[in-house]
There are 2 protein chains.
Amino acid sequence: MNDSNITRLELISENRMFGGLQRVYSHHSKLCNGTMRFAIYLPPAALSGNKVPVLTYLSGLTCTEDNVTAKAGAQRMASELGLIFVAPDTSPRGQNIPGEDDSYDFGSAAGFYLDATQEPWSTAYNMYSYITRELQEVIAANFETADLSRQGITGHSMGGHGALTIHLKNPDLFKSVSAFAPICAPMQCPWGEKALSGYLGDNRDNWTAYDATELVRQSPSKATILVDQGSADNFLKEQLKPELLQQACQESGQSLSLRLQEGYDHSYYFIASFIEDHLRHHAKALNT
Amino acid sequence: MNDSNITRLELISENRMFGGLQRVYSHHSKLCNGTMRFAIYLPPAALSGNKVPVLTYLSGLTCTEDNVTAKAGAQRMASELGLIFVAPDTSPRGQNIPGEDDSYDFGSAAGFYLDATQEPWSTAYNMYSYITRELQEVIAANFETADLSRQGITGHSMGGHGALTIHLKNPDLFKSVSAFAPICAPMQCPWGEKALSGYLGDNRDNWTAYDATELVRQSPSKATILVDQGSADNFLKEQLKPELLQQACQESGQSLSLRLQEGYDHSYYFIASFIEDHLRHHAKALNT
C-alpha cells in the first residue's frame, strides 16, 4: 500500500472557489482494481499551510464525485470553517463484470461502501476498505495540511448508509458523523437486500456488519449522529426507515439528532438547504 | 398577449429549498414560437403572501434554466433577502431551422437576448422581447407576490451581456443590474460578431442596440453596474473585454464596480463564490 504507484495522483480539474481550490483527481486503486476519482476542496486555511480537519462525503446511487461538488454548495462553509471536503466516487468503474451497468442500484455507482465477498464482485467492489484505508493513505501522502487525526464523515442516501456504518465501525478514525436521508436499515429494505445479498451472499449473519441499525447496538461511538430527512422524500417509507435507526439508538443509548424536514424531498435541493448545519456539526465536534 | 393560453403554465418540477419552493415551468411563447421553460424560486416571504422584488438571471451559452438553478446556490440568499429568482432558458428550442443545433454559439442555447431581424431566425429568436415583455406578463399573471415595480437583472457571459443591455435599455423596468464575466462589447469579439451578423444582418449600425459598451454612452441608467470577472477566465481577453465597458463607463459617467477576481475561471464555481454579493447588491438597490 505504500508503493508510490498507488498514491500518485493525476489532476483532472482545478477551479478556484470561495478563496480555496476545488480539485478532482484520479489515481490507481489496488483495492478497487482500477482507476478511481475523488473530488477534494482545499479551503484557504489549508492552502496557507494550516493543518485542518477533513470531512468525507459519500454520495448516493447513480452519483459520481461530481454531484455533491457541483450542487451542494458545501465549499462555502468548508471555506469559512476551514475544513477539507473530500468526495469519493460511489463504486469501482469499468470492471467488465457482466451486468455491472444494468441496474441503478447494484454494480457501477452502487458500491454500498462494503467489501464484497462474492465473485465476481469481490475483486474490485471493496469500497469499505477503499474509504477507510486506501483513500486515507492517498490523502496522507498528497495533502500535508490534512489533519487525519480530526476527521468526520457524512453522506446521502446510500452514502448516508456508508457514513453511518463506517463511523460506527471506526469511531476513532471518523470522530463525527451525519447523514442526509440515509438508508438506515439496509437489511430491512429492497435496496439493501439486493445489495447485501449480491455482494455478501445469502447468509444474513454476514450482513449485520454493514447495517447501521444493527451496528449501533454494539458500537463504542460516543458521537451524536445528526440525520436530516425530508418528509416528502419518495424513498422514505420503503427504503430509508429512519424510525428503525431511531429505535435502535434509543435502546442502545446512542445519541441521535434526527430532524424531519417538512416538505423536503430526496434531491440536492434538500442537501443544499441543510449542508451548512452539517458542516457546523462536524466543525464543532472536530474543534475547528 | 393577454390571452389566457399564453399565460397558462405547466409545472415541470417543484422542490422545497431553503424554506421556499424551487419550481420549473413551461408555457407557450408567442414571441419565441413555441414552448419555453423558466425556473423560479419563491422565497418564504413570497409564499407567505408578501410582495417581494424579482431578480432575473440570464444564463450563458450552452445553458438552460437548469444550470444556475442547480449549481449557483442563489436560493440561499434569495430566501434570506426575500427575492424571487427567475431563470429563463437561453433561446427558443426545436424550431426546425436548418443548422439551429450545429453551433454552441449560435441558434439553440445562444439566443443572445436580442430580437432577430433576419430570416429564418426572426420568427422565433426574440429573446429580448420575451424577457422584457412576454415573460413579464407571464409572471404578472401567475405570481401575485412578485413586485414587478422592483426588479433587477443579472447574468453570466452571454447572459451578462443580456443583463447589461436589457438594463441599459430599460432602466425603469430593471432598476438594478450586475453581471458575471459578461460579454461586454459584442461588436468587438468573435462570439458577438457571429451572433449579431447572423441575427441582425451585416449592417453594423443595427448592432449597437445590443452592445453594452455602445449603449452605456446614451443610457439614462443611474444604477451602479456590478461586474465580477475572473482573472483566470479563458474567454477574458478574446471574448469578454471588460476594459472596453470600463472605458465607456468612465467616459459617459456611468457608475461601474468592476472587480477582477484573482484566479477564478468562467465556471459556476466562480459564480457560486460571488452570487451572495450580487443578490445583496440587488436587494439593497431594490430596498428589500
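Described below are features of the structure shown in this document. In this text the structure is predicted, and so the values were computed from the model without any measurement.

## Structural notes on the state of the cysteines
All names here are of chain A.
Thinking step 1. By the definition in use, this model includes 0 disulfides over all chains.
Thinking step 2. C63 takes part in no disulfide bond, and the closest cysteine sulfur to it belongs to C189, at a distance of 17 Å.
Thinking step 3. Of the residues examined, C63 reaches a relative accessible area of 6% and is grouped as buried.
Thinking step 4. The cysteine C249 is free of any disulfide, with C184 supplying the nearest cysteine sulfur at 8.6 Å.

## Description of the side chain of Q136(A)
Residues and elements named next belong to chain A.
Thinking step 1. Considering the arrangement of structural elements, one finds Q136 in helix α5 (residues 127-142).
Thinking step 2. Reaching out from Q136, the side chain makes a polar contact with the side chain of Q151 at a distance of 2.7 Å.
Thinking step 3. Residues contacting Q136, with those up to four places away along its chain left out, are Y130, I131, L148, Q151, L173 and F174.

## Comments concerning unusual backbone geometry
Thinking step 1. Cis geometry marks the peptide bond from E119(A) to P120(A); its omega dihedral reads 0 degrees.
Thinking step 2. In this fold, P120(A) is placed in the loop between β5 (84-88) and α5.
Thinking step 3. Its identity as a non-glycine residue notwithstanding, N96(A) has a phi of 55 degrees, on the positive side.
Thinking step 4. For N96(A), the position within the fold is in the loop between β5 and α5.
Thinking step 5. The phi dihedral of F18(B) falls on the positive side, at around 50 degrees, and the residue is not glycine.
Thinking step 6. Tracing the backbone through its elements, the reader meets F18(B) in the loop between β1 (9-17) and β2 (20-29).
Thinking step 7. Taking the relative accessible area as the measure of exposure, F18(B) reaches 17% and is therefore buried.

## Describing the nonpolar core
Thinking step 1. Core analysis: the biggest nonpolar cluster contains 93 residues, and F38(A), F112(A), I131(A) and Y199(A) have the highest contact counts within it.
Thinking step 2. Residues C63(B), A74(B), F106(B) and A116(B) belong to the second largest nonpolar core, which totals 92 residues.

## A word on the packing of aromatic side chains
Thinking step 1. In the structure shown here, the tally under the stated rule is 30 aromatic pairs over all chains.
Thinking step 2. Taking the centre distance of 5.2 Å and the plane angle of 90 degrees together, the rings of W121(A) and Y125(A) count as edge-to-face.
Thinking step 3. Judged by relative accessible area, which is 0%, Y125(A) ranks as buried.
Thinking step 4. Ring centres of Y104(B) and W191(B) lie 6.4 Å apart, and the angle between their planes is 80 degrees; this geometry places the pair in the edge-to-face category. A residue pair is termed long-range when its members are at least 10 positions apart, and Y104(B) in the loop between β5 (84-88) and α5 (127-142) and W191(B) in helix α7 (residues 190-200) qualify at 87 residues.
Thinking step 5. Taking relative accessible area as the criterion, Y104(B) reaches 43% and is therefore assigned partly exposed.
Thinking step 6. Through successive ring pairs, a cluster of aromatic residues spans F106(A), W121(A), Y125(A) and Y199(A).
Thinking step 7. Looking at K169(A), its charged tip hangs above the ring of Y210(A), at a distance of 4.7 Å from the centre.
Thinking step 8. Above the ring of Y128(B), the side-chain terminus of K169(B) is found at 5.1 Å from the ring centroid.

Parameters at a glance
Residues numbered from 1 in each chain as written. Chains lettered and ligands numbered in written order. Predicted model: local features only at pLDDT ≥ 70, side-chain atom pairs only at ≥ 80, totals over all residues. Heavy atoms only, no water. Disulfide = S-S within 2.5 Å. Buried < 20%, exposed > 50% of the residue type's maximum accessible area, 1.4 Å probe, protein only. Helix = DSSP H or I, 4+ residues; strand = E, 2+ residues; numbered from the N terminus. Polar contact = N/O pair within 3.5 Å; in protein donor to acceptor, adjacent residues only side chain to side chain. Contact = heavy atoms within 4.5 Å. Core = buried A, V, L, I, M, F, W, Y, C linked by side-chain atoms within 4.5 Å. Phe/Tyr/Trp six-rings, centres within 6.5 Å; stacked < 30°, edge-to-face > 60°. Lys NZ or Arg CZ within 6 Å of the ring centre and 35° of its normal.

Treat this as a map of the structure, not an account of what it does.
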